[in-house]
Amino acid sequence: MLNKYLPIVPDLNVVAANEPDLKSIISIFHVSGAVDVAHRSPIACWFSGMLCCFGGAILASVLLGEPPIEPFTNNRNIILASVIWYLIFYCPYDKFYKCCNFLPSKLFIAGMKEVTRARKIVGGVMDAHSRYRNGWLAVIAVGWAKGAGSGLIANFEQLVRGVWIPERNELLRMSYGTKVTLIGAVLFTLQQMNYLPITRHNLIFLYTMFVVSTEVAMVLFNIHHSPFAPMEVALYHMAFSWQSTFTEPPESHFKAEASDKREALGAQCPASLGATSEESETIKRRRTKKAE
Amino acid sequence: MLNKYLPIVPDLNVVAANEPDLKSIISIFHVSGAVDVAHRSPIACWFSGMLCCFGGAILASVLLGEPPIEPFTNNRNIILASVIWYLIFYCPYDKFYKCCNFLPSKLFIAGMKEVTRARKIVGGVMDAHSRYRNGWLAVIAVGWAKGAGSGLIANFEQLVRGVWIPERNELLRMSYGTKVTLIGAVLFTLQQMNYLPITRHNLIFLYTMFVVSTEVAMVLFNIHHSPFAPMEVALYHMAFSWQSTFTEPPESHFKAEASDKREALGAQCPASLGATSEESETIKRRRTKKAE
Amino acid sequence: MLNKYLPIVPDLNVVAANEPDLKSIISIFHVSGAVDVAHRSPIACWFSGMLCCFGGAILASVLLGEPPIEPFTNNRNIILASVIWYLIFYCPYDKFYKCCNFLPSKLFIAGMKEVTRARKIVGGVMDAHSRYRNGWLAVIAVGWAKGAGSGLIANFEQLVRGVWIPERNELLRMSYGTKVTLIGAVLFTLQQMNYLPITRHNLIFLYTMFVVSTEVAMVLFNIHHSPFAPMEVALYHMAFSWQSTFTEPPESHFKAEASDKREALGAQCPASLGATSEESETIKRRRTKKAE
């Protein structure tokens, strides 16, 4: 049924899916200090841009024990990424950056990134699955790394620019892109291991539709919180927070109710698999109270 | 003679000796901030736990140029480690952690860890020796990495939890476990290269007996300093501190004696291959005095 | 014509060109805190010394997906490097270090390092070229890594000694050695891909002559700034700073001239591919002015 829509899904030469991730170069430009680095040391800035662009391929190579330099052997991709990098950082009056930030082109770039995301994940999953038939965790990890690598290696990309923020990483506080890639990696791994009653083409089509439409909606309506927040909160409470019903001292009915409300309030923020600092503060306070 | 005791030595499928190191998950729980991370971001906490558990296998893979993701392909080990991790961090009232910290189970866990240590070292040594026949340093390094990996990659395990303590690492100030693993790696490498007049089985047996009994004694009598301290001090003075006899100005007999006494006092602390800050302070002061 | 001078060029067993870089061990001794680490933890100090010595080989191995432990399998090199390390750090009265710092021996050591540089670069370039026929960027990168590795991994070498300076790395502010190695890597890659009308032997000879004579001149006349500064400034203005002619508001002829002069003053420092903080300050100030 879905097959007639498939021509719009990009060509499936998935294993070589190392397209540069141009959106992330643009996003470096936002980062405070990046423009300064671009003028102080173009080489560091270029290398940091390439790490962002090919982060997924590099991280997947490292995980699979392959040369991390392999993504840099595709001259076409490197030249394309370098030209974009040059235009972003050194175009007079930041004209190119402003063009990219113009709503229609922003939508196009965001959409393109999401279209390639599925291919990257599938590329990683197939590559890892061909080596580790039963190692589903390794397969998920490689798929995730390939799809969301630039986020996961952000700490080391920042180091190239002379910035080091150890207290923040993608695992401690996941961005929407990293989360949706993790879900995709799990889905494609299940499909690859024949646990899902759907063909790979159809799954790619549905996943791409979902991420593109979500991304477009997020850009259009300027939404910044993750659309998975309610699910995450539910999952978090189910898996990691059910103990609080035991550990909370049932002093009075009123108090317990208030604490529940407080928790519910905390839960409205994108908590769970990367809870807000407020909630963690609440937990911390509660823990210290208990300790007393 | 020793062969009749050998059945109690665990099975020697040494090359695949990637058992999870459950004791190190328990030890993360102690670390300040870890419980908070467990509630803020279960995924970061889980990943940090897995890095501790499989640190040795991961580090050995990296050193040998193999996929560092390979330890994650053994589903049984991963599930076992994940269940332990979950029970440690999310059991109501920290019941499971308290059980593990109960003296008999603490002894059992510490003993189990030491029993597997010899197998891990031998696994690493044999693996490296099959590739580098004469590279004794590489063989020792891989054996050491496999046996004490979780300590050696502690800096990066902390980074996952958002903590970065550059001024502390296992090379700068070795723990007892790291030291005993280094000695084991040297011994097993010498045995592997036929420099020791003892069979591998017997060496494993003797080494395991030694580390298990030392560990049990340390847990029982709550000893925190390394039992190697006197040897280390001797070795340190022989190799790295004999110069002080030259560099010390022999102004008067009394003064030299006092300085010797001061040194001897400093040497009582677990100095040598990781000297105390006091001693290094003394050295520094002496150096600056010389400079004047 | 040049062939008759070739016997003085060292033997061309380039692929195995993993000679220890003894000059960098000597240079660690300068670093504040290193002597203290040598007395607190000889093992950390030794490992940091080895990382400096074999940094190029290690980094090239990592880039090519080979075991990073391979440089440690050459016992002769390791023993040589360890003996030098021991003499530097633990010789009474720092006699050995003073000998090395004596002008003739300093010249000899600096010259030797530059003589091996060409071999290391060619080794890396040939190794990478045999795998990636068309990946010229990867070939340059491996050649560069092999020739200037100890600088490029300095951040992690420092971490072993418990020091962490994220705001400084070789990409942000390149040393002369790193720059000349990059130029060498580009030249040897072009030669390897037959874009240069010169044989490899002759190029090695000319490059070695150039780097040795420059290094000797720098040591003799105590020059600390890069001899490439004028070229770099020209290149920088051509590639990364031509926009300022657009972005600078042409308010008055006088003002523009003054700004040009200021820029020219800034440009006298080794700017461009690692501009001085003063120039970057100027750029920053200009940018904020524009923002207002």
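Quick notes on the rules
- Residues numbered from 1 in each chain as written.
- Chains lettered and ligands numbered in written order.
- Predicted model: local features only at pLDDT ≥ 70, side-chain atom pairs only at ≥ 80, totals over all residues.
- Heavy atoms only, no water.
- Helix = DSSP H or I, 4+ residues; strand = E, 2+ residues; numbered from the N terminus.
- Buried < 20%, exposed > 50% of the residue type's maximum accessible area, 1.4 Å probe, protein only.
- Contact = heavy atoms within 4.5 Å.
- Areas by Shrake-Rupley, 256 points an atom, 1.4 Å probe, with all protein chains shown as cover.
- Buried area = accessible area lost by both parts, 1.4 Å probe.
- Salt bridge = Lys/Arg side-chain N within 4 Å of Asp/Glu carboxyl O.
- Polar contact = N/O pair within 3.5 Å; in protein donor to acceptor, adjacent residues only side chain to side chain.
- Nonpolar A, V, L, I, M, F, W, Y, C, P; charged D, E, K, R; others polar.
- UniProt positions renumbered as here; feature names shortened; annotations may be inferred.
- Least-squares fit on C-alpha atoms with pLDDT ≥ 70 in both.
- Axes fitted to C-alpha atoms, helices over the stretch in contact; angles between N-to-C directions.
- Parallel < 35°, antiparallel > 145°, perpendicular 65-115°, else oblique.
- Phe/Tyr/Trp six-rings, centres within 6.5 Å; stacked < 30°, edge-to-face > 60°.
- Lys, Arg positive; Asp, Glu negative; His and termini not counted.
- Patch = residues over 30% accessible without salt bridge, like charges linked within 9 Å, V, L, I, M, F, W, Y side chains within 5 Å.
- Left-handed = near helix turned anticlockwise from the far one by under 90°.
- Core = buried A, V, L, I, M, F, W, Y, C linked by side-chain atoms within 4.5 Å.
- Expected span 1.5 Å × (residues − 1).
- Disulfide = S-S within 2.5 Å.

> I'm lost on the overall build of chain A in this one. Help?
A count of helices and strands for chain A gives 15 helices and zero strands. Buried residues in chain A amount to 55% of all 292 residues. Put simply, 73% of the contacts in chain A that link residues at least 6 apart link residues at least 24 apart. Approximately 13,700 Å² of chain A is accessible, and the part contributed by carbon and sulfur atoms is 65%.

> I'm lost on the interface of chain B and chain C in this one. Help?
Often, the extent of an interface is quoted as the loss of accessible area on bringing the components together. On the side of chain C, 36 residues touch chain B, which itself brings 36 residues to the contact. Interface of chain B and chain C: buried area, both sides summed, is about 3,000 Å²; carbon and sulfur atoms make up 68% of it. If you sort the residues of chain B by the area they bury against chain C, Leu171(B), Leu172(B) and Phe240(B) come out on top, with a joint share of 19%. Joining chain B to chain C, the criterion identifies zero salt bridges. At the junction of chain B with chain C, the criterion picks out eight residue pairs in polar contact (both at pLDDT 80 or more). Sorting the residues of the side of chain B that touches chain C by element identifies helix 4 (55–63), helix 8 (136–152), helix 12 (229–239), helix 13 (244–247) and helix 15 (277–291) of chain B as the ones contributing at least two each. It is helix 8 of chain B that contributes the most residues to the side of chain B that touches chain C, five residues altogether. Partitioning the side of chain B that touches chain C into residue classes produces 24 nonpolar, nine polar and three charged.

> Sorry, what's going on with the pattern of salt bridges here?
Side-chain pairs of opposite charge can arise whenever the charged atoms involved come near each other. Within the structure shown, the criterion is met by 20 salt bridges over all chains. With a closest N to O distance of 3.3 Å, Lys23(B) and Glu215(B) form a salt bridge. Here the residue Lys23(B) occupies a position in helix 1 (residues 22–30), and Glu215(B) occupies one in helix 11 (residues 200–220), the gap between them amounting to 192 residues. With a closest N to O distance of 4.0 Å, Arg131(C) and Asp127(C) form a salt bridge. Pair noted here: Arg131(C) and Asp127(C) are both in helix 7 (residues 103–131), with a separation of four residues, about one helical turn. With a relative accessible area of 36%, Arg131(C) lands in the partly exposed category. Several salt bridges converge on common partners, so that one network encompasses Glu66(A), Asp127(A) and Arg131(A).

> Just checking my understanding: could you explain the UniProt feature "transmembrane region" (unreviewed entry) in chain A for this structure?
All names here are of chain A. The UniProt feature table records "transmembrane region" (unreviewed entry) at residues 43–64, 76–93, 136–156, 176–196 and 203–223. Measuring from the first to the last C-alpha atom of residues 43–64 gives 28 Å, for a span that is 91% helix and 0% strand. Structurally, residues 176–196 is divided into 81% helix and 0% strand, and its ends, taken at the C-alpha atoms, are 24 Å apart.

> Even after reading the chapter, I still don't get the relation of the copies chain A and chain B, so can you show me in this structure?
Both copies of the chain are related by a screw-like operation: a rotation about an axis and a shift along it. Once turned by 120° and shifted 0.0 Å along the axis, chain A lies on chain B with an RMSD of 0.0 Å. Such a combination of rotation and displacement between the chain copies is what one expects of a three-fold axis. When C-alpha positions in chain A are compared against the rotation axis, the closest is assigned to Gly65(A), at 3.6 Å. The residues that chain A uses at the interface reappear at the interface of chain B in only 8% of cases, marking distinct surfaces.

> Just checking my understanding: could you explain the packing of helix 10 (residues 176–192) of chain C against helix 11 (residues 200–220) of chain C for this structure?
The axes of two packed helices give the description: the angle between them and the distance between them. Residue and element names in this part refer to chain C. Where helix 10 contacts helix 11, the two axes come as close as 11 Å, and the packing angle between them is 170°. Classed by the angle they form, the pair helix 10 and helix 11 counts as roughly antiparallel. For the pair helix 10 and helix 11, the contacting residues are Tyr176, Val180, Thr181, Gly184, Leu187, Phe188, Gln191 and Gln192 in the first and Arg200, Leu203, Ile204, Tyr207, Phe210, Val211, Thr214, Glu215 and Met218 in the second. Considering only residue class, the contact of helix 10 with helix 11 consists of 10 nonpolar, five polar and two charged.

> I tried to follow the packing of aromatic side chains on my own but got confused; where do I start?
For any pair of aromatic rings, the description rests on two quantities: the centre-to-centre distance and the angle between the ring planes. Summed over all chains, the structure comprises 51 aromatic pairs over all chains. With a centroid separation of 5.9 Å and an interplanar angle of 65°, the aromatic rings of Phe156(C) and Trp164(C) are classed as edge-to-face. Note on Trp164(C): relative accessible area 13%, which makes it buried. What links up through ring pairs into an aromatic cluster is the set Phe29(A), Trp85(A), Tyr86(A), Phe89(A), Tyr90(A), Tyr97(A), Tyr236(C) and Phe240(C).

> Would you explain the side chain of Glu170(A) in this entry?
All names here are of chain A. Take Glu170: it is sitting in the loop between helix 9 (154–160) and helix 10 (176–192). In this structure Glu170 is buried but unpaired, with Arg168 as the nearest side chain of opposite charge at 7.8 Å. Within polar-contact distance, the side chain of Glu170 engages the side chain of Thr178 at 2.3 Å.

> Would you take a moment to explain a nonpolar patch on the surface for this structure?
Taken together, the side chains of Ile79(A), Val83(A), Leu87(A) and Trp136(C) present a nonpolar region at the surface, about 320 Å² in accessible area. A total of three residues in the nonpolar patch trace back to one element, the largest contributor, which is helix 5 (residues 75–90) of chain A. If you trace the backbone, Val83(A) turns up in helix 5.

> Quick question: what am I supposed to make of the interface of chain A and chain B here?
Each partner contributes to the interface: chain A provides 36 residues, whereas chain B provides 35 residues. Both sides together, the interface formed by chain A and chain B hides about 3,000 Å², and carbon and sulfur atoms give 68% of it. Within the residue set of the side of chain A that touches chain B, elements represented by two or more residues are helix 4 (55–63), helix 8 (136–152), helix 12 (229–240), helix 13 (244–247) and helix 15 (277–291) of chain A. No other element matches helix 8 of chain A, which puts five residues into the side of chain A that touches chain B. Split by residue class, the side of chain A that touches chain B holds 24 nonpolar, nine polar and three charged.

> Which parts of the structure should I look at to understand the packing of helix 7 (residues 103–131) of chain B against helix 10 (residues 176–192) of chain B?
Residues and elements named next belong to chain B. For the pair helix 7 and helix 10, the least separation of the axes is 9 Å and the interaxial angle reads 45°. Comparing the axis directions of helix 7 and helix 10 gives the class oblique. Seen along the crossing, helix 7 lies across helix 10 with a hand that is right-handed. Each of Arg117, Ala118, Ile121, Val122, Val125, Met126 and His129 in helix 7 lies in contact with helix 10, whose residues at this interface are Gly177, Val180, Thr181, Gly184, Ala185, Phe188, Thr189 and Gln192. Among the residues forming the contact of helix 7 with helix 10, the class breakdown is eight nonpolar, six polar and one charged.

> Whenever I open this one, the nonpolar core confuses me. Can you help?
Soluble globular proteins tend to bury their nonpolar side chains together. The biggest cluster of nonpolar side chains holds 198 residues, and the ones touching the most others in it are Phe89(A), Phe188(A), Phe89(B), Phe188(B), Trp85(C), Phe89(C) and Phe188(C). Once residues within four sequence positions are removed from consideration, Phe188(B) is found in contact with Ala118(B), Ile121(B), Val122(B), Val125(B), Leu203(B), Ile204(B) and Tyr207(B). With six residues, the next largest nonpolar core counts Leu159(A), Trp164(B), Leu159(C) and Trp164(C) among its residues.

> What should I look at first to understand the relation of the copies chain B and chain C in this one?
Rotating chain B by 120° about the axis while translating it 0.0 Å along that axis superimposes it on chain C, leaving an RMSD of 0.0 Å. Counting the interface residues of chain B, we find that no more than 8% of their copies in chain C are interface residues as well, pointing to two distinct contact surfaces.

> Please clarify how unusual backbone geometry should be interpreted in this entry.
The phi torsion of most residues other than glycine is negative, and most of the peptide bonds are trans. Residue and element names in this part refer to chain A. Positive phi values are uncommon outside glycine, yet Tyr93 reaches one of about 55°. Inspection of the secondary structure puts Tyr93 in the loop between helix 5 and helix 6 (95–101). Note on Tyr93: relative accessible area 41%, which makes it partly exposed.

> Would you mind going over helix 11 (residues 200–220) of chain A with me for this structure?
At 3.6 residues per turn, the α-helix brings residues three or four places apart onto the same side. Residues and elements named next belong to chain A. If you check helix 11, its first and last C-alpha atoms are 30 Å apart, about what 21 residues at 1.5 Å a residue would give, namely 30 Å. What helix 11 keeps buried is the set Asn202, Leu203, Ile204, Phe205, Tyr207, Thr208, Val211, Val212, Thr214, Glu215, Met218 and Val219. Of the surrounding secondary structure, the elements contacted by the buried residues of helix 11 are helix 1 (22–30), helix 7 (103–129) and helix 10. Backbone geometry just downstream of helix 11 places Asn222 in the positive-phi region, at approximately 55°.

> Got a minute to help me understand the state of the cysteines in this structure?
Here a disulfide denotes one covalent bond, and it connects the sulfur atoms of two cysteines. Under the criterion given, the structure shown has zero disulfides over all chains. Of all cysteine sulfurs in the structure, the one in Cys52(A) sits closest to Cys45(A), which takes part in no disulfide; the separation is 9.9 Å. Not part of a disulfide, Cys91(B) finds its nearest cysteine sulfur in Cys99(B), a span of 7.8 Å.

> Would you explain the environment of Gln191(B) in this entry?
By the element assignment, Gln191(B) lies in helix 10. Among all residues touching Gln191(B), those that are not within four sequence positions of it are Leu196(B), Ile198(B), Thr199(B), Arg200(B) and Leu203(B).

> When you look at the side chain of Ser61(B) in this model, what are you seeing that I'm missing?
Examined against the element boundaries, Ser61(B) turns out to sit in helix 4. If near-sequence neighbours (up to four positions away) are discounted, Ser61(B) is found in contact with Glu66(B), Pro67(B), Pro68(B) and Pro71(B).

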